[in-house]
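Okay, here's what each chain looks like letter by letter:
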Amino acid sequence: MSQRYERLQNEIIGTTKLYQQVMGLGHIAINHIFDTRELSESLAECTPLWEYQTADIKWYLKGHEDMDIVNVAVHELSHVLLAPIQEHVPKKYEKISEWVTESLAKAIINAKEW
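Given the structure is predicted, the values throughout are model-derived calculations rather than measurements.

Caption draft 1: Region of interest: the nonpolar core. Core analysis: the largest hydrophobic core is formed by 24 residues, its most contacted members being I30, W59, L61, V74 and V80. Where this core is concerned, the elements lending two or more residues are α1 (3-22), β2 (44-49), β3 (54-60), α2 (69-86) and α3 (94-113). At 6 residues, α2 tops the list of elements feeding residues into this core. L61 has contacts with Y5, L8, Q9, I12, F34, D35, T36 and M67, leaving out every residue within four places of it along the chain.

Caption draft 2: How the structure looks around the pattern of salt bridges. This model, assessed by the stated rule, comprises 3 salt bridges. Here E94 and K91 are joined by a salt bridge, their closest N and O atoms 2.8 Å apart. Taking relative accessible area as the criterion, E94 reaches 44% and is therefore assigned partly exposed. For K91, a relative accessible area of 67% puts it in the exposed group.

Caption draft 3: Expanded view of the environment of T36. Examined against the element boundaries, T36 turns out to sit in the loop between β1 (29-35) and β2. Look at T36 and you get partly exposed, because its relative accessible area is 28%. Between the C-alpha atoms of T36 and L61, which are 25 residues apart in sequence, the distance is 5.1 Å. With near-sequence residues (within four places) excluded, T36 lies in contact with Y5, Q9, L61 and K62.

Analysis parameters
- Residues numbered from 1 in each chain as written.
- Predicted model: local features only at pLDDT ≥ 70, side-chain atom pairs only at ≥ 80, totals over all residues.
- Heavy atoms only, no water.
- Core = buried A, V, L, I, M, F, W, Y, C linked by side-chain atoms within 4.5 Å.
- Buried < 20%, exposed > 50% of the residue type's maximum accessible area, 1.4 Å probe, protein only.
- Helix = DSSP H or I, 4+ residues; strand = E, 2+ residues; numbered from the N terminus.
- Contact = heavy atoms within 4.5 Å.
- Salt bridge = Lys/Arg side-chain N within 4 Å of Asp/Glu carboxyl O.

What follows is the structure, given as structure tokens:
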């Protein structure tokens, strides 16, 4: 693995741990999966298992080395926070659910910076 990806992975893990505490999610076990081979439009995707207080976050690093780690990490952690209710949202409202997740993430980042 290149030093560039290693530094990026360490920064992602550190940022995620910080915001887990900020968001009251320190009790959630986050498993980071780093993909340096697949070129994806997505920066990351989250698979929360809220009933077990765990989540997998898969990070697509190839082509996204300059991603805004704070925005992406908080967005994915917002999926973790909202998971118990999001699973009840019908598929046809998926875009609204994603908008709520992104709006919450932005509010958390702005509140921390304030």
